[in-house]
Amino acid sequence: RRLLVGIVLGESSGLDPELRDAFQASGLTHLLAVSGQNIAIVAFGVVLAARILGFSRLVGEALAILVVLAYALAVGWQPSVVRAAVAGVLASLAWIVARPRDRWHALAVGALILLAWMPRSALEPGFQLSFAAVAAIFLVLPRMSGVADAYPVPRGLWDVLVVAVACGLVTAPIVWLHFGRVAVWTVPAN
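So, here's what we can say about the structure. All of these numbers come straight from a predicted model, not from anything done at the bench. Residue numbers run consecutively from 1 along every chain, following the written order of its sequence. Local features in this predicted model are restricted to residues of pLDDT 70 or higher, and side-chain atom pairs are both shown and tallied only at a pLDDT of 80 or more, whereas totals for entire chains, interfaces and linings draw on every residue. Side-chain metrics rest on all non-hydrogen atoms present in the structure, leaving aside hydrogens and water.

Describing helix H4 (residues 57-75)
- The numbering of helices and of strands both runs from the N terminus, where a helix is a DSSP run of H or I of at least 4 residues and a strand a run of E of at least 2. One fewer than the residue count of a helix, multiplied by 1.5 Å, yields its expected span. Over its 19 residues, H4 runs 26 Å from end to end, which matches the ideal 27 Å to within 8%, given 1.5 Å per residue.
- Burial here depends on accessible area, computed with a 1.4 Å probe over protein chains only, as a share of the maximum for the residue type. Under 20% is buried, over 50% is exposed, and the range in between is partly exposed. Here H4 has its buried residues at Gly60, Glu61, Ala64, Ile65, Val68, Tyr71, Ala72 and Val75. Each buried residue of H4 sits inside an arc of 145° when the element is viewed along its axis, so together they form one side. Turned more than 90 degrees off the buried face of H4, the exposed positions are Leu66, Leu73 and Ala74.
- Between two residues, a contact is recorded if the distance between any of their heavy atoms is within 4.5 Å. Where H4 is buried, its residues touch helix H1 (2-9), helix H3 (36-52) and helix H5 (79-96).
- At the C-terminal side of H4, glycine 76 shows a positive phi close to 105°. Arc definition: it is the arc formed by the directions from the helix axis to the C-beta atoms.

Concerning the packing of H5 against helix H6 (residues 103-117)
- Comment: axis = line fitted to C-alpha atoms, over the contacting stretch for helices; angle = value between 0 and 180 degrees taken between N-to-C directions. Where H5 meets H6, the axes come as close as 8 Å, and the angle between the chain directions of the two elements is 130°. As judged from the angle between their axes, H5 and H6 are oblique. Regarding H5 and H6, the two cross each other, and that crossing is right-handed. For the pair H5 and H6, the contacting residues are Pro79, Val82, Arg83, Val86, Ala87 and Leu90 in the first and His105, Ala106, Leu107, Val109, Gly110, Ile113 and Leu114 in the second. Between 65 and 115 degrees an angle is taken as roughly perpendicular, under 35 as roughly parallel, over 145 as roughly antiparallel, and anywhere else as oblique. Should the near helix be turned anticlockwise from the far one by less than a right angle, the crossing is left-handed, and should it be turned clockwise, the crossing is right-handed.

Examining the packing of aromatic side chains
- Two rings belonging to Phe, Tyr or Trp (six-membered ring only in the last case) form a pair when the distance between their centres is within 6.5 Å. Interplanar angles under 30 degrees mark stacking, angles over 60 mark edge-to-face geometry, and anything in between is tilted. Under the definition given, this model contains 2 aromatic pairs.
- On the basis of an interplanar angle of 40° and a centroid distance of 4.6 Å, the ring pair of phenylalanine 127 and phenylalanine 131 is categorised as tilted. Taken together, the residues span about one helical turn, with phenylalanine 127 and phenylalanine 131 both in helix H7 (residues 125-144) at a distance of 4 residues. Accessibility classification places phenylalanine 127 together with phenylalanine 131 in one group, the buried group.

Things to note about the pattern of salt bridges
- Salt bridge, as used here, is a side-chain nitrogen of Lys or Arg placed within 4 Å of a carboxyl oxygen of Asp or Glu. Counted by the stated rule, this structure contains 1 salt bridge.
- Note that glutamate 61 is salt-bridged to arginine 57, the shortest N-O span being 2.8 Å. Residue glutamate 61 and its partner arginine 57 are both found in helix H4; the two are separated by 4 residues, about one turn of the helix.
- By relative accessible area, glutamate 61 is classed as buried at 4%.

A short note on the environment of glycine 10
- Take glycine 10: it is sitting in the loop between H1 and helix H2 (17-25).
- Glycine 10 sits 23 residues away from alanine 33 along the chain, and the two C-alpha atoms are 4.3 Å apart.
- Each residue touching glycine 10, except ones within four places of it in the same chain, is listed here: Val5, Leu32, Ala33 and Val34.

What follows is the structure, encoded as structure tokens:
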């Protein structure tokens, strides 16, 4: 139950210290932080529930914005939450106003909002890791997606591997700088 609360709400203080240390040693501590995955699940779930209940997509997207903001308030304004909430809200707004979605714009707006609100967050590992990992995904995944055709690897598995390697390589120097070590099994564990 405490692990589920850690994954869903980012609240890891109730975890057994030994389990928390195991997450840190394996390079999987980010699973105990609210991130884009959490926000995407919440937003998608709201839009899907609205559609199932017979509401229009417009109502679903508007509700998604409200629920994402409420979720972000409930879990706290950590860098990964602000970045993901801003991206989620901008994605829904883009659909509502029929504008193309621009992931780099969402990332930049998230950074600007967070830095305007808490300028010191730029020095925190969470801010640096969150934005570096997302930028790595944005840069590497599109460039590597066609490579999967040359190997007998399912596209979904390929994308997961590319994301894990890109994030692992880009965040390793930041992890080493702040924590003095990088687990070599972080990429396979992710």
